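Here is what each chain is made of, one letter per residue.
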Amino acid sequence: MKIIKNTLSIALLSCAAFSVGAHAADDAYKMRDKQIEAEYKSAMELCKPMKGNNQDVCEKEAKAKRTKAEADNKAASKTGEARADANKEKREADYKVAKEKCDAMSGDAKDMCQKQAKTTYNM
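Residues numbered from 1 in each chain as written. Predicted model: local features only at pLDDT ≥ 70, side-chain atom pairs only at ≥ 80, totals over all residues. Heavy atoms only, no water.

S.K.: Where do I start with the overall build of the protein in this structure?
M.R.: Along the protein, the regular secondary structure elements total four helices and zero strands. Taken from N to C terminus, the helices and strands of the protein fall in the order α-α-α-α. Within the protein, the proportion of its 123 residues that are buried is 18%. The contacts in the protein between residues at least 6 apart in sequence include a share of 51% that link residues at least 24 apart. For the protein, the computed accessible surface area is about 9,000 Å², with 56% contributed by carbon and sulfur atoms. (Helix = DSSP H or I, 4+ residues; strand = E, 2+ residues; numbered from the N terminus. Buried < 20%, exposed > 50% of the residue type's maximum accessible area, 1.4 Å probe, protein only. Contact = heavy atoms within 4.5 Å. Areas by Shrake-Rupley, 256 points an atom, 1.4 Å probe, with all protein chains shown as cover.)

Set out below in structure tokens:
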């Protein structure tokens, strides 16, 4: 009977420790998420004085940075499939920036730039 009580006590303590650890990880995730959003807003403010394509590129870069940071935050809190999703989201964010940079070009140069972006980011 004493062995059963000790085993039960160990199991309960393990569950409590896991619960505290999970709660701390959730808090860290939320705190990092708030920091990512603040950094994004700050980066977008830096884009406001710009004009035309430079502003568009600046905004796409800010969004890409936010997307990649969110993906990293998600991956840090999970494993496996989340990491694959994070890598995909980061690649897509970089592709959007590259594609936006192509908009400053025209004709064959723009076509080549877009093809290069598709090839580089496997789109």
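Moving on from the model shown.
S.K.: Explain the packing of aromatic side chains to me, please; I cannot follow it from the model alone.
M.R.: The geometry of two aromatic rings is summed up by the distance between their centres and the angle between their planes. Scanning the entire structure with this criterion turns up zero aromatic pairs. Stacked on the ring of Tyr40, the Lys or Arg Arg66 has its end atom at 3.8 Å from the ring centre. (Phe/Tyr/Trp six-rings, centres within 6.5 Å; stacked < 30°, edge-to-face > 60°. Lys NZ or Arg CZ within 6 Å of the ring centre and 35° of its normal.)

None of this, on its own, says anything about what the molecule does.
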